[in-house]
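Here is how the chains run, residue by residue.
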Amino acid sequence: MTAQGDRVLRVAVIGVGHLGRHHARLLSAMPGVDLVGVVDANLQRAREIAEAHGTSAVTDAAALAGVVDAVVVATPTESHAEVASPFLEAGTAVLIEKPLARSLDEADALVALARARGATLAVGHTERFNPALSLARPMLTAPRFIEGHRLGTFPDRSLDIDVVFDLMIHDIDVVLSVVDAPVVTIDAVGVPVLTPRFDIANVRLKFANGCIANLTASRISRDRTRKIRFFQPASYVSIDFAEQELEVWRLVRPPAGAPSIEGGPVDVARDEPLRRELEDFIAAVSGRRDATVTGEAGRRALELAQRITDEMVSVRQEGGTSVPPREI
Ligand code: NAD
């Protein structure tokens, strides 16, 4: 029990690679949480992370059954469903890293299992917890045009998936959380450059309410950029996710005289988005409420990513260029 009398949640992290180690670091220092262990297919890696954060290295995730209240799954996407399902089946809360799964069928099965067993299912769309977006969110009431750029240097990980599922899916999820209308048309182009999968991608999404979102993602850029801009009838909101910076400009129409555009940078209280995401997950599990990014939201983002990729595949095929088979 904590000083406030709340139950301490027993949590484990499965997959402590590049991202999972940060989950372990943050959970090991979080009030109300007991990090009971970390699991990794690479035992040496599990031991290293366990030692750094004062917990145990576990070789087999099955050993956690009945010992944990919640797990974070940060293994490569191809194993999300296989690793998470036994925990959901047992009614244990699970936070799965994005993208939720490698196929819509797997995502559907995970969402249905969580609902059937009454287990909290959250998806790691970390950008939703970026303080710059949280501050901007109440201002994003009527976006007409959205422009997103997410460019990274070539990684040594996540090459099992197209850049749409690795990087663009963050912006897809953000856009879907802001625009409350179905997507009616998708124009997309993707180019495989250093891998057989799409390494660079651009999409223009048109929503039923007329809003347009133009998103670009690349994992073969020289510089890193993570920005999104929202154009509304009477305001412009610009977010730099990487720097956690926000700019807001508004159209001011005085009773007399010419209208003007006023605004500028807004102070953002910087914080680690991953910490905020984990706090939200822990609060959801303790309070028996849904997490901010539910399994359904993760599934929605995956579905749109899939539609975008399908469009990119058919555009290439129409152009006479073959595309290697892909699961997602
Ligand atoms: P990584 O390859 O660095 O780490 C994955 C780890 O999982 C490795 O240590 C590997 O040994 C281990 N592993 C593999 N299969 C396993 C299994 N079945 N059981 C236990 N351990 C296993 O990958 P990463 O970059 O940390 O990505 C992991 C996940 O996190 C991916 O789904 C990725 O898309 C996601 N991710 C999310 C964000 C974000 O911003 N939310 C950022 C990076 C990665």
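Here the structure is a predicted model, which means the values were calculated and not measured.

1. A word on the packing of aromatic side chains
Considering all chains together, one arrives at two aromatic pairs under this definition. Ring centres 4.9 Å apart and planes at 40° place the aromatic pair F231 and Y236 in the tilted group. Through pairs of rings, three or more aromatic residues link up here, namely F145, F231 and Y236.

2. A short note on the side chain of D40
Mapped onto the elements, D40 comes out in the loop between strand 2 (33–39) and helix 2 (43–52). No salt bridge is formed by the buried D40. Its closest oppositely charged neighbour is R45, at 5.3 Å. Engagement of the side chain of D40 in a polar contact is seen with the backbone nitrogen of V16, the distance being 2.8 Å. A polar side-chain atom of D40 sits 2.8 Å from the main-chain amide nitrogen of N42. If sequence neighbours within four positions are ignored, D40 has contacts with G15, V16, G17, R45, A46, V58 and T59.

3. Some remarks on the site of the ligand
Neighbouring the ligand are 21 residues, the closest being L19, D40, K98, T126 and R157. A distance of 2.5 Å is found between an oxygen atom of the ligand and a side-chain nitrogen or oxygen belonging to D40. Between the ligand and K98 there is a distance of 2.8 Å, counted from an oxygen atom to a backbone nitrogen or oxygen. The site holding the ligand turns out to be the largest pocket. Counted by class, the shell around the ligand contains seven nonpolar, ten polar and four charged residues.

4. Examining the packing of helix 1 (residues 20–28) against helix 7 (residues 273–287)
One can describe the packing of helix 1 onto helix 7 by two numbers: an axis separation of 10 Å at closest approach and a directional angle of 65°. Handedness of the crossing formed by helix 1 with helix 7: right-handed. Contact residues: H22, H23, L26 and L27 in helix 1; L274, R275, E277, L278 and I282 in helix 7.

5. With respect to the pattern of salt bridges
Tallied over the entire structure, the rule returns 20 salt bridges. We note a salt bridge from R150 to E127, for which the minimum N-O separation is 2.7 Å. One end of the pair, R150, is in strand 7 (residues 145–151); the other, E127, is in the loop between strand 6 (121–124) and helix 5 (131–136), with 23 residues separating them in the sequence. Since its relative accessible area comes to 4%, R150 is described here as buried.

6. Some thoughts on the sheet that holds strand 2
Spatial ordering of the open sheet is given by 3-2-1-4-5-6, a layout of six strands whose pairing is parallel. Strands with a single pairing partner mark the edges of an open sheet, and in this sheet they are strand 3 (57–58) and strand 6. Bridge analysis of strand 1 (residues 9–14) against strand 4 (residues 70–73) gives four bridges, and the strand direction is parallel. By the bridge assignment for strand 4, V13 is matched with V72. Strands in contact with helix 7 are strand 1, strand 2, strand 4, strand 5 (93–97) and strand 6; relative to strand 5, the strand with the most contacts, it is inclined by about 155°.

Thresholds, definitions, all that
- Residues numbered from 1 in each chain as written.
- Predicted model: local features only at pLDDT ≥ 70, side-chain atom pairs only at ≥ 80, totals over all residues.
- Heavy atoms only, no water.
- Phe/Tyr/Trp six-rings, centres within 6.5 Å; stacked < 30°, edge-to-face > 60°.
- Helix = DSSP H or I, 4+ residues; strand = E, 2+ residues; numbered from the N terminus.
- Buried < 20%, exposed > 50% of the residue type's maximum accessible area, 1.4 Å probe, protein only.
- Lys, Arg positive; Asp, Glu negative; His and termini not counted.
- Salt bridge = Lys/Arg side-chain N within 4 Å of Asp/Glu carboxyl O.
- Polar contact = N/O pair within 3.5 Å; in protein donor to acceptor, adjacent residues only side chain to side chain.
- Contact = heavy atoms within 4.5 Å.
- Near = heavy atom within 4 Å.
- 1 Å grid on protein atoms, 1.4 Å probe; cavity = no way out; pocket = protein on both sides within 12 Å on 5 of 7 lines; lining within 4 Å.
- Sits in = over half its atoms within 2 Å of the grid points.
- Nonpolar A, V, L, I, M, F, W, Y, C, P; charged D, E, K, R; others polar.
- Axes fitted to C-alpha atoms, helices over the stretch in contact; angles between N-to-C directions.
- Left-handed = near helix turned anticlockwise from the far one by under 90°.
- Pairing = 2+ DSSP bridges.

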